[in-house]
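Structure at a glance
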Amino acid sequence: GAVVSQHPSWVICKSGTSVKIECRSLDFQATTMFWYRQFPKQSLMLMATSNEGSKATYEQGVEKDKFLINHASLTLSTLTVTSAHPEDSSFYICSARILTSGGYTFGSGTRLTVV
Amino acid sequence: AQSVSQHNHHVILSEAASLELGCNYSYGGTVNLFWYVQYPGQHLQLLLKYFSGDPLVKGIKGFEAEFIKSKFSFNLRKPSVQWSDTAEYFCAVNARNRDDKIIFGKGTRLHILP
């Protein structure tokens, strides 16, 4: 089935540094991918929609200069958390729509801890 | 914009009890509806989905959900729960023909007592 591979699984970084998270569709092409953030014991909050070859669409309240999204190919989307702060610590999950079934497949998530 | 409301934040049941988790959505157009489960320490897994046709949808692990359009609801049910059903359950909606994004409810944490 359609699989999305997300790396890294976890990362610890210092405040002020940037962290890049990758999301790859392994056996299908994804023109659109979605980035979510999940706080402990809370739901997934949609951050942005990543569009191949064009600018991402950000949800209200999400800082686009802080969460840089690049979708340069049909199989890769990246989320870069710039100038990370402890409050950015969270679980980030990517997702892609499976056009053949209409469903969605999710990455295994990245746990980011900013110290 | 579409939104999803899950009424039960935390549910505790004994094994063999029947389960019903509420989900209501707000969107005036046609929707695709989903239930996902997240077991402790694991990523999201699709339980079932509704796109069209029979409003009673059967999913994996004995779960089912019924789409009631007039009530904007998509409640999840299971006649007899097991301890292994302990997890967090998320209802989600996609506004069909509008965009591809999927919006999640806040989730329901289910604890099954052995």
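The text that follows walks through the structure, step by step, so that each part is easy to find. As the structure is a prediction and not an experimental result, all values here were calculated from the model. (Residues numbered from 1 in each chain as written. Chains lettered and ligands numbered in written order. Predicted model: local features only at pLDDT ≥ 70, side-chain atom pairs only at ≥ 80, totals over all residues. Heavy atoms only, no water.)

1. Quick notes on the overall build of chain B
Formally: Going along the chain from the N terminus, every DSSP run of H or I of four or more residues is numbered as a helix, and every run of E of two or more is numbered as a strand. For the radius of gyration, the atom set is restricted to C-alpha positions; the globular benchmark scales as 2.2 Å times the number of residues to the power 0.38. Using a 1.4 Å probe on the protein chains alone, a residue whose accessible area is under 20% of its type maximum counts as buried, one over 50% counts as exposed, and one in between counts as partly exposed. In what follows, residue pairs with any heavy atoms lying within 4.5 Å of each other are defined as contacts. Note on areas: Shrake-Rupley, 1.4 Å probe, and residue coverage restricted to the protein chains presented here.
Helices and strands together make up the secondary structure of chain B, namely zero helices and 12 strands. For chain B, the N- to C-terminal ordering of α and β elements is β-β-β-β-β-β-β-β-β-β-β-β. For chain B, whose C-alpha radius of gyration is 14 Å, the value lies close to the compact-globule estimate of 13 Å for 114 residues. For the C-alpha atoms alone, the extent of chain B along its principal axes is close to 45 × 30 × 20 Å. Here chain B holds 114 residues, and the buried ones make up 46% of them. Sequence separation of 24 or more characterises 55% of the internal contacts of chain B that already satisfy a separation of 6 or more. Of the roughly 5500 Å² that chain B leaves accessible, carbon and sulfur atoms contribute 52%.

2. A word on the pairing of strand β8 (residues 64-68) of chain B
All names here are of chain B. Keep this limit in mind: Between any two strands, at least two bridges found by DSSP are needed for them to pair.
Sheet analysis places strand β7 (residues 56-58) next to β8, joined by three bridges and oriented antiparallel. When the bridges of β8 are listed, Leu56 appears paired with Glu66. The antiparallel pairing of β7 with β8 creates a hairpin that spans five residues between the two strands, and Lys61 there sits at a positive phi of about 60°. The loop that links β8 with its antiparallel partner strand β9 (residues 73-78) comprises four residues; one of these, Phe72, has a positive phi angle of about 50°.

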